Amino acid sequence: MSDILKELSDEGVSIWLDDISRERLRTGNLAELVKDRHVVGVTSNPTIFAKALSKGNAYDDQVRDLALLGVDVEEASRAITTHDIRWGCDVLRPVYDRTDGVDGRVSIEVDPRLAKDTAKTVAEARMLWWLVDRPNLFIKIPATPEGLPAITETLAQGISVNVTLIFALERYGAVIDAFFAGLERARENGHDLSKIASVASFFVSRVDTEIDKRLDKIGSDAATSLRSKAGLANARLAYALYEEKFGTGRWKALKDAGARPQRPLWASTGVKDPDLNDTLYVDELVAPGTVNTMPEATLVAEADHGQVRGDTVRGSYGDARAHMAALKEVGVDYDDVVRVLEDEGVEKFAASWKGMLDSITGELESKKAGA
């Protein structure tokens, strides 16, 4: 019986789970996925935590203690989320040790309400780093214009960063530059560059969702023939940019000083259009030195019927550029698409964060009343 996820891993794709919960941790489910499904990392976001808190009773004891102590909701949210992330880091620590720090990583996001405040984002990143206190942690910082200097400053302090919410190729180039600048400053600050890691989370399916909506509105045969291909084209061109940027003298100097490359991470890989193959954003984005962070449903689908055909990224750059040109020809404004997606991404995570805080507030008040 073939092991499709092993085949994917052997092609240089690190399989990460885009989910975490107290229930998954305490039942040993995450450890099982590491053991049996080749999962070597975990990502989280405000939406994932909001969902986890809304189900079951796994958080009841901790919330009851926090209610008795009279902590406010902000402190309670940090205590709850960092507990899960610390636990996840401990589950993944053997992978971290085995891969010499390449994988075995667990990500926690800064408060998304700070996405447009550089100084507060850096302060939050430092605090989360101290609270979790695990070497295999990633701090997620969104790639907003205000996030770019925060990425540089956080890396400069020796803190590993997962850059999130990247949609635009131009912004991805700026993210890589921010990474280089952060490592250069880290070296000046006396940090061991080999201990600092980073990934750049390039979102995929959301690009198709937004562009397909615009293509359907245009409605011509030329437009509809372009549906559901932009997400892959955009990601493949991101990998081309990655190869270009990490082939420069600037990177060589950092590499010679012990630095590790900032790996491209494919995010938003759950297929949202039911007419598409549910493993599309995994099978078609296979390239060495990448990460694919999958919702569990996508992980299960890939294990069951994924088709690993070797590298499906390099060699496709010409077709990807032609597709993006064709989108422009039929009237799709790429710059507007990525602007809308970034704004929506920040807003959605902020809304999820509020939902999580509201849920914690309700639980705290309930436990306090029942004390």
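Scroll up to find the structure.
In this text the structure is predicted, and so the values were computed from the model without any measurement. (Residues numbered from 1 in each chain as written. Predicted model: local features only at pLDDT ≥ 70, side-chain atom pairs only at ≥ 80, totals over all residues. Heavy atoms only, no water.)

## Topic: empty space enclosed by the protein
- Overall, the coordinates contain one cavity of 30 Å³ or more when judged by the stated rule.
- Its volume calculated, the largest cavity comes out at about 70 Å³.
- If you go around the largest cavity, the residues you meet are S44, N45, P46, F49, R78, T81, I108, E109, E124, L128 and W353.
- Every element with two or more residues in the lining of the largest cavity is listed here: α4 (46-53), α6 (73-98), β3 (105-109) and α7 (118-132).
- In terms of residue class, the lining of the largest cavity is built from five nonpolar, three polar and three charged. (1 Å grid on protein atoms, 1.4 Å probe; cavity = no way out; pocket = protein on both sides within 12 Å on 5 of 7 lines; lining within 4 Å. Points joined across faces, edges and corners; volume = space filled by probe spheres on them. Helix = DSSP H or I, 4+ residues; strand = E, 2+ residues; numbered from the N terminus. Nonpolar A, V, L, I, M, F, W, Y, C, P; charged D, E, K, R; others polar.)

## Some remarks on the pairing of strand β2 (residues 39-42)
- Pairing analysis gives three bridges linking strand β1 (residues 13-17) to β2, with the strands arranged parallel. Following the sheet pairing, L17 is matched in β2 by V42.
- Relative to β3, β2 runs parallel, the two sharing two bridges. Paired with V42 across the strands is V106, a residue of β3. (Pairing = 2+ DSSP bridges.)

## Points about the pattern of salt bridges
- Summed over all chains, the structure comprises 34 salt bridges.
- The shortest N-O distance in the salt bridge between D10 and K6 comes to 2.9 Å. You can see D10 and its partner K6 sitting in helix α1 (residues 4-10), four residues apart, about one turn around the helix.
- Across the salt bridge formed by D177 and K245, the nearest N and O atoms sit 2.8 Å from each other. (Salt bridge = Lys/Arg side-chain N within 4 Å of Asp/Glu carboxyl O.)

## Considerations on the layout of surface pockets
- Taken as a whole, the largest pocket spans an internal volume of roughly 690 Å³.
- Forming the walls of the largest pocket are 32 residues, and the residues nearest its centre are D18, N45, R206, S268 and K272.
- Top contributing element to the lining of the largest pocket by residue count: helix α17 (residues 334-370), with six residues.
- Per-class residue counts for the lining of the largest pocket are seven nonpolar, 13 polar and 12 charged.

## As for the packing of aromatic side chains
- Per the stated rule, a full pass over the model turns up 11 aromatic pairs.
- On the basis of an interplanar angle of 40 degrees and a centroid distance of 6.2 Å, the ring pair of F179 and F246 is categorised as tilted. Taken together, the residues span a long stretch of sequence, with F179 in helix α9 (residues 169-188) and F246 in the loop between α12 (230-245) and α13 (249-256) at a distance of 67 residues.
- Using a relative accessible area of 0% as the deciding quantity, one classes F179 as buried.
- Here a set of aromatic residues connected by ring pairs shows up, and it is made of F179, F180, Y239, Y242, F246 and W251. (Phe/Tyr/Trp six-rings, centres within 6.5 Å; stacked < 30°, edge-to-face > 60°. Buried < 20%, exposed > 50% of the residue type's maximum accessible area, 1.4 Å probe, protein only.)

## Focus: the packing of α9 against α13
- At a minimum axis distance of 11 Å, the contact between α9 and α13 shows a crossing angle of 40 degrees. The angle between the axes of α9 and α13 places the two elements in the oblique class. In this structure, α9 crosses over α13, and the sense of that crossing is left-handed. Where α9 approaches α13, its residues D177, F179, F180, A181, L183, E184 and R187 are matched on the opposing element by R250, W251, A253 and L254.
- Of the residues contributing to the contact of α9 with α13, the split by class is seven nonpolar, no polar and four charged. (Axes fitted to C-alpha atoms, helices over the stretch in contact; angles between N-to-C directions. Parallel < 35°, antiparallel > 145°, perpendicular 65-115°, else oblique. Left-handed = near helix turned anticlockwise from the far one by under 90°. Contact = heavy atoms within 4.5 Å.)

## Topic: the nonpolar core
- Among the nonpolar cores identified, the biggest contains 121 residues, and I85, I139 and Y172 are the most heavily contacted of them.
- The contact partners of I85, leaving out residues within four places of it in the chain, are I20, S44, F49, V106, S107, I108, V132 and L137. (Core = buried A, V, L, I, M, F, W, Y, C linked by side-chain atoms within 4.5 Å.)

## Topic: the side chain of E109
- Among the secondary structure elements, E109 is positioned in strand β3.
- Excluding its chain neighbours within four sequence positions, the residues that come into contact with E109 are S44, N45, P46, L128, K140, T164, F349 and W353.

## Focus: unusual backbone geometry
- One non-glycine residue, D100, lies in the positive phi region at around 55 degrees.
- By secondary structure assignment, the location of D100 is in the loop between α6 and β3.
- A positive phi angle is found at S268, which is not glycine, with a value near 55 degrees.
- In this structure S268 comes out as buried when scored by relative accessible area, which is 11%.

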